Amino acid sequence: MANPYRVLFSAPGAKGFSAAGLLARLPLPMTHMGILTMLSELRGEYALAGAVAGTFTLSMALIGPQISRVVDRLGQGRVLLPATGVSVAALGGLLLCAYYDAPVWTLFVFAFLAGFMPSMGAMVRARWTHLYRGSSRLNAAYSLESVVDELTYIVGPAIAVVLGTALFPEAGPMVAAVLLVVGVLLFVPQKRTEPPVQPQARGAGRSAIRSGSLLAMALTLMFGGAIAGTVDTMGLAFAQEQGQKGSAGIVFAVYAVGSAVSGLTFGALKWSVPLPRLLVLGVTGTALTTLPFLVVNSIATLSAAVFLAGVFFAPTMVTIMGIVEKLTPAARLTEGMTWMIAGLQIGVALGAAASGQVVDSFGTRAGFVVSLAMGALALLTTLLSYRHVSAETARAAEGEEAARGPHQPGIVAETVTGQESHTERVDHRRPSGQGRTPST
């Protein structure tokens, strides 16, 4: 069988934009953890450090979709550099305020403005979609991106902590700013893979999140992200309770490994099951795998439980991105994908905060109940929206077939893998909104 991930990079420019995108997306998790480390070192107040870092994360979750909305209207090349400039300048202001012991309110102002950092994960996914829209390879591309997200959230915070403790407190956010600038400067000039600006269809002035289906997808990811946030908090709290605080890193790594392995496997397979049904299966698995958290009694059993929970995370993310691609007009696709990432980010922050409050009030074991509640809410959201999402997805598929026509030529992409030549018909010319249901 041909390696679907090697085939992905046969497209001209694919290696370049994906490498630059990886460099430019590391700053997001690095900045959050870098702010935490910096302020805890300089001011010795974990509550302040967490509040300022949370302000940055929440700001990016709210501002990011608006930046992506402008990207859909003007193109990546015209928007990414100014947005990056605002974010980097704000990070510089935050570092100066922290170093010179400026008033606390200034920290929050600059942390909020740093949220202008563009959602590079959505930008990279938009380029994959431009390359492989209508192709089975798009599923593999989305799977790969989910795994890359996992890797950045493992490597990024670790780098920020090491820099902030081994060099100087401001080193984490400073290096994150440099990586963002370098990554974006390498990403933007790659014009041949940049998605063209699509004509704005009727009603395009409205936000993509006003679609009922997309809102349901974002909420599902928010609740799923809350489970991941709970794993972060509970992994640390449980390890400390067991007298093995250093083992918390093993728990985090195992969760990411479970998600990465399942994501790569999911993307390598061709599924005949409709996407809404795949989503129900994935979210059901996500909800059920929170139950073992109630019976963990050691770091080993907790690691096994979080591995199972991670197995369903990446496939669910991939499936949701596939549904978003089907239901969102091309003229609003980047915004739609950014809303999904924003929902995930908000969920991670809420899950970490909620489980921390429960642990402080009722003890470590009680914190695991937050995961069960979030899993139940994710499943309830998916089930309640299933009929609507299924109907819209079916209509989008029918419209896509009608728009393509039985003998429309499309673009033929030929790749060579090993000694075999594979030719696949890919339609890159679908007009904006054609074959898709308008947002409601």
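Residues numbered from 1 in each chain as written. Predicted model: local features only at pLDDT ≥ 70, side-chain atom pairs only at ≥ 80, totals over all residues. Heavy atoms only, no water.

- Per an unreviewed UniProt entry, the protein goes by the name MFS transporter and belongs to Streptomyces rectiviolaceus.
- Word for word, the UniProt comment on the protein under Subcellular location (unreviewed entry) is "Cell membrane". (UniProt positions renumbered as here; feature names shortened; annotations may be inferred.)

### Notes on a nonpolar patch on the surface
Part 1: Judged by side-chain polarity, Leu288, Leu291, Leu294, Val295 and Val369 come together as a nonpolar surface patch covering roughly 480 Å² of accessible area.
Part 2: The class of leucine 291 is partly exposed, set by a relative accessible area of 46%. (Patch = residues over 30% accessible without salt bridge, like charges linked within 9 Å, V, L, I, M, F, W, Y side chains within 5 Å. Areas by Shrake-Rupley, 256 points an atom, 1.4 Å probe, with all protein chains shown as cover. Salt bridge = Lys/Arg side-chain N within 4 Å of Asp/Glu carboxyl O. Buried < 20%, exposed > 50% of the residue type's maximum accessible area, 1.4 Å probe, protein only.)

### Focus on the packing of helix α3 (residues 27-43) against helix α9 (residues 171-187)
Part 1: Where α3 contacts α9, the axes come no closer than 7 Å and their chain directions differ by 160°. In terms of orientation, α3 lies roughly antiparallel with respect to α9. In terms of crossing hand, the pair formed by α3 and α9 is left-handed. Of α9, the residues touching α3 (which contributes Pro27, Met30, Thr31, Gly34, Ile35 and Met38) are Gly172, Pro173, Val175, Ala176, Leu179 and Leu180.
Part 2: Its residues assigned to classes, the contact of α3 with α9 shows 9 nonpolar, 3 polar and no charged. (Axes fitted to C-alpha atoms, helices over the stretch in contact; angles between N-to-C directions. Helix = DSSP H or I, 4+ residues; strand = E, 2+ residues; numbered from the N terminus. Parallel < 35°, antiparallel > 145°, perpendicular 65-115°, else oblique. Left-handed = near helix turned anticlockwise from the far one by under 90°. Contact = heavy atoms within 4.5 Å. Nonpolar A, V, L, I, M, F, W, Y, C, P; charged D, E, K, R; others polar.)

### Re the nonpolar core
Part 1: Of all hydrophobic cores here, the largest spans 104 residues; its most connected members are Trp128 and Met340.
Part 2: If one sorts the elements of this core by residue count, helix α10 (residues 212-241) sits on top with 15 residues.
Part 3: Counting residues in each nonpolar core, the second largest holds 6 residues, with Leu26, Ala160, Ala171 and Ala176 among its members. (Core = buried A, V, L, I, M, F, W, Y, C linked by side-chain atoms within 4.5 Å.)

### Looking at the side chain of serine 68
Part 1: Residue position: serine 68 is located in helix α4 (residues 46-74).
Part 2: For serine 68, the contacting residues outside a window of four places in its chain are Met123, Thr334, Glu335 and Thr338.

### Observations concerning the packing of aromatic side chains
Part 1: Summed over all chains, the structure comprises 6 aromatic pairs.
Part 2: With centroids separated by 4.9 Å and ring planes inclined at 90°, the aromatic side chains of tyrosine 99 and tyrosine 100 adopt a geometry described as edge-to-face. The same class applies to tyrosine 99 as to tyrosine 100, namely exposed.
Part 3: Ring pairing ties together the aromatic residues Phe9, Phe17, Trp128 and Tyr132, which thus form one cluster.
Part 4: For the cation-ring pair, arginine 127 lies above phenylalanine 187, with the distance from its terminal atom to the ring centre recorded as 4.1 Å. (Phe/Tyr/Trp six-rings, centres within 6.5 Å; stacked < 30°, edge-to-face > 60°. Lys NZ or Arg CZ within 6 Å of the ring centre and 35° of its normal.)

### Comments concerning helix α6 (residues 104-113)
Part 1: Those residues of α6 lying buried are Thr106, Leu107 and Ala111. For α6, the buried positions fall inside an angular range of 130° around the axis, keeping them on one side. (Arc of directions from axis to C-beta.)

### Topic: the side chain of arginine 25
Part 1: Mapped onto the elements of the fold, arginine 25 is located in helix α2 (residues 14-25).
Part 2: A polar contact of 2.5 Å, which involves the side chain of arginine 25, links it to the side chain of glutamate 145. (Polar contact = N/O pair within 3.5 Å; in protein donor to acceptor, adjacent residues only side chain to side chain.)

### Observations regarding unusual backbone geometry
Part 1: The phi dihedral of aspartate 101 is positive, around 55°, even though this residue is not glycine.
Part 2: Positionally, aspartate 101 belongs in the loop between α5 (76-99) and α6.

### Here's the deal with the environment of leucine 96
Part 1: One can find leucine 96 in helix α5.
Part 2: For the pair formed by leucine 96 and leucine 107, sequence separation is 11 residues and the distance between their alpha carbons is 9.5 Å.

### Comments concerning the pattern of salt bridges
Think of it this way: side chains of opposite charge can pair up when their charged atoms draw near.
Part 1: As enumerated under the stated definition, the model contains 4 salt bridges in all.
Part 2: Across the salt bridge formed by arginine 25 and aspartate 149, the nearest N and O atoms sit 2.6 Å from each other. Remark: aspartate 149 occurs in helix α8 (residues 137-166) and arginine 25 occurs in helix α2; sequence separation between them is 124 residues. Aspartate 149 matches arginine 25 in its accessibility class, with the two residues each being buried.
Part 3: With a closest N to O distance of 2.7 Å, arginine 125 and aspartate 149 form a salt bridge. With arginine 125 in helix α7 (residues 120-132) and aspartate 149 in helix α8, this pair connects stretches of sequence that are 24 residues apart.

### Comments concerning α2
Owing to its 3.6 residues per turn, the α-helix brings residues three or four apart onto one side.
Part 1: Between the first and last C-alpha of α2 there are 16 Å, a value that for 12 residues agrees with the 16 Å anticipated at 1.5 Å per step.
Part 2: Of all the positions in α2, only Ala14, Phe17, Ser18, Ala20, Gly21, Ala24 and Arg25 are classed as buried. End-on view of α2: buried residues confined to an arc of 165°, all on one side of the axis.
Part 3: Buried residues in α2 make contact with α1 (4-8), α3, α7, α8 and α9. (Expected span 1.5 Å × (residues − 1).)

### Digging into the environment of serine 355
Part 1: Among the structural elements, serine 355 can be located in helix α15 (residues 333-362).
Part 2: Taking relative accessible area as the criterion, serine 355 reaches 0% and is therefore assigned buried.
Part 3: For the pair serine 355 and alanine 366, spaced 11 residues apart in sequence, the C-alpha to C-alpha distance is 8.4 Å.
Part 4: Dropping the residues within four chain positions of it, serine 355 is found in contact with Gly229, Thr230, Thr233, Met234, Gly367 and Val370.

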